[in-house]
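Residue-level listing of the chains:
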Amino acid sequence: MPITVESLAHIYMPDSPFKSVALNDVSFNIDDGEYIGLIGHTGSGKSTLIQHLNGLLKPSSGRVVIDGIDLANTKGQALKDVRRNVGLVFQYPEHQLFEETVYRDISFGPKNYGLSQSEIDERVAKAMALVGLDFDKYKDRSPFEISGGQRRRVAIAGVLAINPKVLILDEPTAGLDPKGKNEILTQISELHKNSNITIILVSHNMDEIARLADRIIVMDKGTIALIGTPAQIYAEADKLEHMGLGIPQITKVVNLLRQKGLKLPQDVYTIQSARDLIFELLGGRGNA
Amino acid sequence: MESLIEFQNVFFEYVNHAAERIIALDGISFNISQGEFVAVIGHNGSGKSTLAKLINALLKPSEGVVRVKGIDTQDSSRLWDIRRTAGMVFQNPDNQMVSTMVEEDVAFGPENLGVEPKVIRLRVNQALETVGMRDYARHAPHFLSGGQKQRVAIAGILAMKPEIIVLDEPTAMLDPIGRQEVLSTIKRLNKEEKITVVYITHFMEEAVEADRVLVMENGKIVIEGTPRQVFSKVDELKNMSLDVPQATELAHELRIAGLNIPQGILTAEELAGVLCP
Amino acid sequence: MLKDITLGQYFPGESQIHKLDPRYKIIITFLFVAAVFSVRNYAGYVFAFVYIAIASVLSGVSVKYLAGNLKPLYFIIVLTFIINSFFTRGETVIFTLWGLVFTREGLDQGIFMILRIVFLVLGTSLLTLTTSPISLTDGMEHLLRPLKRLGFPAHEISMMTTIALRFIPTLIEETDKIMKAQMARGADFESGNIFVRAKALVPLLVPLFISAFRRADELAMAMESRCYRGGDQRTRMNSLKAHKRDVIAILITILMMVLVFAVGRYF
């Protein structure tokens with residue numbers, strides 16, 4: 001289900017004194033099964049962009065084409081079908097929970113798409129397993145009596161239950177503590193590995209994206225500033241710092257060492273690889 | 001130095017909606033002196049938020065004593081003195097603002113204290129100046145960024161002339177720029193205005209800026225010390241599912257691999273300096 | 001979509017009308033409404049028209065905005081005209097339609113009534129267009145203060161209104177967000193009959209209510225932390241002060257009322 005975006009522009013409130021250009025001439029492609037990191041500050045346009053990918057917003061100009069269908073003219077049932085294939089998890093998704101039990105909330109999506117009761121059962125069970133929630137333990141609990149982290153997982157399961165081919169997550173780790181962040185990111189990684197689903201992870205945290213993404217899109221003031229593999233992106237450390245995005249701390253360490261003359265490669269962003277490379281260079285001497 | 005905040009063997013228990021008794025604080029004791037910048041870290045459920053709310057008497061201890069500037073927080077006749085002395089900034093930037101205009105919101109605190117209108121005006125101007133939001137005085141809060149809203153919240157506390165500011169995860173809902181704004185504002189207030197700061201966070205790169213760090217787990221303080229002392233205990237912290245600054249972890253890994261690297265590395269610059277003097 | 005609610009919206013400006021003390025503006029609006037109700041003949045409307053025209057021009061509010069405030073009421077205006085024209089007893093018949101008689105007197109009455117509605121809306125619109133919500137609330141609180149002695153919670157109502165106004169844009173944004181989140185799961189808020197659509201609102205209203213309660217809880221904690229304990233002994237940074245222009249405005253309004261009344265009585 002390839003995604004193609006061509007010269008996409010979006011202007012909020014075009015005829016009023018509050019007009020603002022959120023997106024300007026944005027173009028990119030996403031292939032099946034990719035893990036894309038979308039990074040940028042508040043106001044860079046990333047939240048607006050993802051709402052175009054499932055038709056919640058229509059372009060002011062330009063095109064969004066999903067699996068060959070131009071979204072600009074899609075309405076009604078056709079639009080609903082697009083949303084079945086492109087799942088969107090908003091920020092703080094636990095704020096959208098409303099049902100009496102976890103089971104019923106997760107089944108909201110499948111029910112809207114007219115699935116049979118047995119299909120719904122299956123979907124809910126599968127979705128809960130994917131987010132690491134024990135089916136029997138949680139299915140009858142009220143979503144309002146479980147912890148914040150668990151509520152978030154219920155919300156994500158609610159989107160997974162519609163079986164999307166593309167999963168977009170807007171800052172899924174926002175507001176979580178380090179343990180919670182790690183758990184969610186690990187689960188998303190597993191999901192990507194096991195079901196070949198296309199993932200678009202929106203974040204403003206370089207460290208999160210560095211470890212996991214195949215490709216990174218960097219947005220700045222409504223346009224794409226950089227696009228490429230993590231290695232390519234982190235090579236542009238100056239540009240990133242200038243945009244206030246920074247680079248992973250590990251990469252910073254390695255860059256500083258490189259400045260001092262150590263021959264280290266540019267694309268280091270995990271602690272393990274940094275350790276191995278540095279030790280190789282300095283270990284023989286026993287001390288720096 | 002006399003202690004500004006004292007916790008003596010404090011316990012806090014409550015009953016949750018499933019009718020279970022939860023022990024949020026399990027006998028903690030510590031002191032904070034005037035002018036200190038203390039960071040409290042721990043994962044969700046460790047008791048750090050409860051600790052914050054006990055300082056300004058939003059919560060009262062089930063057992064033990066909490067004293068602010070010598071006043072027992074259970075003394076209901078001195079409640080407003082305590083809250084004037086220890087101001088609090090919360091996590092959600094939106095849910096702290098009461099007014100449709102920034103300067104009116106900052107005036108809310110002093111108005112509650114019955115301060116004279118002319119003096120309120122002076123305090124509001126000064127507070128907004130201190131946090132760098134003077135130009136936004138007549139703006140509506142709705143259009144501000146998260147970082148700006150939190151700075152207005154801090155101004156609102158400053159206008160009450162507190163001696164202590166307690167911040168309960170003030171940057172959890174902000175982007176990196178907002179986090180920077182808030183942290184640098186707080187650091188400045190601590191260094192220049194000598195305001196005592198109690199800063200609850202789970203961002204380790206913020207905790208390294210403090211004078212002292214308290215690590216909480218299961219309602220107890222398990223590690224205490226300067227940032228260098230605390231963060232060198234990499235394995236202990238990792239076992240509690242807490243993070244350490246990446247440079248610290250890398251230093252730790254290199255040390256294990258055999259390189260001779262001193263304890264207490266906190267930043268990329270320090271590590272680079274040690275590896276390549 | 002939801003963000004385009006314009007009825008009652010404030011149109012910022014620095015005109016003399018904008019600068020009038022809100023307490024006086026509220027009283028003036030009441031007086032204007034009373035005048036409009038007491039008009040007996042077209043001559044009276046002439047004075048009302050001159051008055052409101054001068055005020056509108058002075059305020060600098062665009063005609064588009066003023067007309068925009070009338071738009072939602074087109075239906076009511078037409079309905080009023082029809083009811084009054086067809087159901088007023090009269091002698092000079094103009095035409096009949098399906099057994100209903102349209103008389104000259106009916107036409108007169110119809111026009112009279114819609115003029116009344118138009119003037120009422122224009123008068124109150126001018127108030128809301130030139131007075132920011134916070135000023136309106138302040139003005140109302142001051143006017144209601146004497147009632148405090150009778151136990152009327154003037155401060156509490158004012159505080160509640162201020163907080164409500166503060167959170168309206170925030171809640172609108174949240175509604176939008178929840179709607180989109182549910183739409184992303186296949187929710188449909190647009191198709192179906194009224195019952196289907198009402199039921200479809202549950203996934204929108206429940207989260208919204210829960211969120212509102214959570215906000216209220218957090219806000220209360222924040223307010224208490226800032227030593228809020230009700231209205232007693234609270235001071236206000238900004239206080240209202242009357243100026244010459246407020247007195248002049250009231251006098252002109254009273255003059256207009258007298259003229260309207262006189263012309264209705266004696267002509």
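Remember, predicted model here, so these are calculated numbers, not experimental data. (Residues numbered from 1 in each chain as written. Chains lettered and ligands numbered in written order. Predicted model: local features only at pLDDT ≥ 70, side-chain atom pairs only at ≥ 80, totals over all residues.)

1. What to know about the overall build of chain A
Check the secondary structure of chain A and you find 13 helices and 10 strands. Taken over C-alpha atoms, the radius of gyration comes to 21 Å for chain A, in line with the 19 Å a tight globule of 288 residues would show. Expressed as a percentage of the 288 residues in chain A, the buried residues total 46%. Partitioning the intrachain contacts of chain A with sequence separation of at least 6 by distance along the chain shows that 65% fall at a separation of at least 24. (Helix = DSSP H or I, 4+ residues; strand = E, 2+ residues; numbered from the N terminus. Rg over C-alpha atoms; globule rule 2.2 N^0.38 Å. Buried ≥ 20, exposed ≤ 12 C-beta atoms within 10 Å, placed from the backbone. Contact = placed C-beta atoms within 7 Å.)

2. Digging into the overall build of chain C
Across its full length, chain C carries 11 helices and two strands. Written out in order from the N terminus, the α and β elements of chain C read α-α-α-α-α-β-β-α-α-α-α-α-α. The C-alpha atoms of chain C give a radius of gyration of 24 Å, which is well past the 18 Å a tight globule of 267 residues would have. On the principal axes, the C-alpha backbone points of chain C span a range of 70 × 55 × 35 Å.

3. Describing the interface of chain A and chain B
Residue-level contacts link 32 residues of chain A with 33 residues of chain B. Contributions of two or more residues to the side of chain A that touches chain B are made by α8 (178-195), α12 (249-259) and α13 (271-282) of chain A. Across the side of chain A that touches chain B, the residue classes break down as 13 nonpolar, 13 polar and six charged. (Nonpolar A, V, L, I, M, F, W, Y, C, P; charged D, E, K, R; others polar.)

4. Here's the deal with the sheet that holds strand β5 (residues 69-70) of chain A
Residue and element names in this part refer to chain A. Spatially, the four strands line up as an open sheet ordered β2-β1-β4-β5, and their pairing is antiparallel. The sheet is open, and its two edges are formed by β2 (20-30) and β5, each paired on a single side. With two bridges connecting them, strand β4 (residues 61-66) and β5 associate as antiparallel partners. By the bridge assignment, I66 is partnered in β5 with I69. (Pairing = 2+ DSSP bridges.)

5. Observations concerning the nonpolar core
Ranked by internal contacts, the top residues of the largest apolar core, which has 182 residues, are A157, I168 and V253 of chain A together with A155 and V198 of chain B. The residues touching A155 of chain B, leaving out its near neighbours within four places in the chain, are V106, A127, L128, T130, V131 and M133 of chain B. By size, the runner-up hydrophobic cluster in this structure holds 24 residues, among which are V36, I52, V61 and L126 of chain C. (Core = buried A, V, L, I, M, F, W, Y, C linked by C-beta atoms within 7 Å.)

6. Here's the deal with the sheet that holds strand β10 (residues 220-225) of chain B
Residue and element names in this part refer to chain B. Reading across from one edge, β6-β7-β8-β3-β9-β10 is the order of the six strands in this open sheet, with mixed pairing throughout. The open sheet terminates on both sides in strands that have one partner only, identified here as β6 (86-89) and β10. Within this sheet the neighbouring strands show an average axis-to-axis angle of 20 degrees, counted without direction. Here β6 runs beside strand β7 (residues 164-168); their pairing, made up of four bridges, is parallel. Bridging across to β7, M88 finds its partner in V166. In the packing of helix α6 (residues 176-192) onto the sheet, contacts are made with β3 (37-41), β7 and β8 (196-201), and the angle to β8 comes to roughly 155 degrees. (Axes fitted to C-alpha atoms, helices over the stretch in contact; angles between N-to-C directions.)

7. Overview of the packing of helix α3 (residues 42-59) of chain C against helix α11 (residues 244-266) of chain C
Residues and elements named next belong to chain C. Put simply, α3 and α11 touch, their axes get as near as 8 Å, and they point 165 degrees apart. The angle between α3 and α11 places the two elements in the roughly antiparallel class. Pair α3 / α11 crosses with right-handed handedness. Packed against α3, whose contacting residues are A43, G44, F47, A48 and Y51, the element α11 presents M256, L259, V260, V263 and G264 at the interface. (Parallel < 35°, antiparallel > 145°, perpendicular 65-115°, else oblique. Left-handed = near helix turned anticlockwise from the far one by under 90°.)

8. Looking at the interface of chain C and chain B
Each side of the interface is counted separately: chain C has 26 residues, and chain B has 33 residues. Mapped by element, the contributors of at least two residues to the side of chain C that touches chain B are α7 (133-144), α8 (154-183) and α10 (202-225) of chain C. A per-element tally of the side of chain C that touches chain B places α10 of chain C first, with eight residues. When grouped by side-chain class, the residues that make up the side of chain C that touches chain B number 12 nonpolar, six polar and eight charged.

9. Points about unusual backbone geometry
Residues other than glycine seldom take positive phi values, yet Y92 of chain A does so here, at roughly 50 degrees. Residue placement: Y92 of chain A occurs in the loop between β6 (86-89) and α3 (102-106). Phi is positive for S241 of chain B, which is not a glycine, with a value near 60 degrees. On the secondary structure map, S241 of chain B appears in the loop between α9 (234-239) and α10 (246-257).

10. With respect to α11 of chain C
Residues and elements named next belong to chain C. Here α11 is 23 residues long and its end C-alpha atoms lie 33 Å apart, about the 33 Å a rise of 1.5 Å per residue gives. Every buried residue belonging to α11 is among D246, A249, T253, M256 and V260, and all of these are buried. Tucked into the core, α11 has its buried residues touching α2 (22-38) and α3. (Expected span 1.5 Å × (residues − 1).)

11. Thoughts on α10 of chain B
Taking 1.5 Å of rise per residue, 12 residues should cover 16 Å, and α10 of chain B covers 16 Å from first to last C-alpha, within 8% of that figure. All buried positions along α10 of chain B are accounted for by Q246, A247, T248, E249, L250, A251, H252 and L254 of chain B. On its buried side, α10 of chain B packs onto α12 and α13 of chain A together with α8 (227-231), α9 and α11 (268-275) of chain B. Where α10 of chain B ends, the next residue or the one after it, G258 of chain B, has phi of about 130 degrees, a positive value.

12. Thoughts on the confidence of the model for chain C
Residues and elements named next belong to chain C. Here chain C shows a mean pLDDT of 86. Residues at 70 or above account for 97%. When pLDDT is averaged over each helix and strand of chain C, the minimum, 76, is found for strand β1 (residues 93-97) and the maximum, 95, for α10. Of the regions scoring below 50 in pLDDT, residues 1-5 engages in four contacts with residues more than four places distant in sequence or in other chains. Interface confidence for the predicted complex, expressed as ipTM, amounts to 0.92; the pTM equals 0.87. (pLDDT = per-residue confidence, 0-100.)

13. Looking at the pairing of strand β8 (residues 198-203) of chain A
All names here are of chain A. For β8, the buried fraction is high: six of the six residues fall into the buried class. Because side chains alternate across β8, one face comprises the buried residues T198, I200 and V202, and the other comprises I199, L201 and S203, equally buried. For strand β3 (residues 35-40) and β8, the ladder comprises five bridges, and the chain directions are parallel. Note on β8: the bridge partner recorded for G37 is L201. Tracing the backbone out of strand β7 (residues 166-170), into α8 and back to the parallel element β8 gives a crossover that is right-handed. (Right-handed = clockwise from strand over helix to strand, strands pointing away.)

14. Here's the deal with the environment of K244 of chain C
All names here are of chain C. Tracing the sequence through the fold places K244 in helix α11. When the 7 C-beta atoms within 10 Å are taken as the criterion, K244 is described as exposed. For the pair K244 and L20, spaced 224 residues apart in sequence, the C-alpha separation works out to 9.6 Å.

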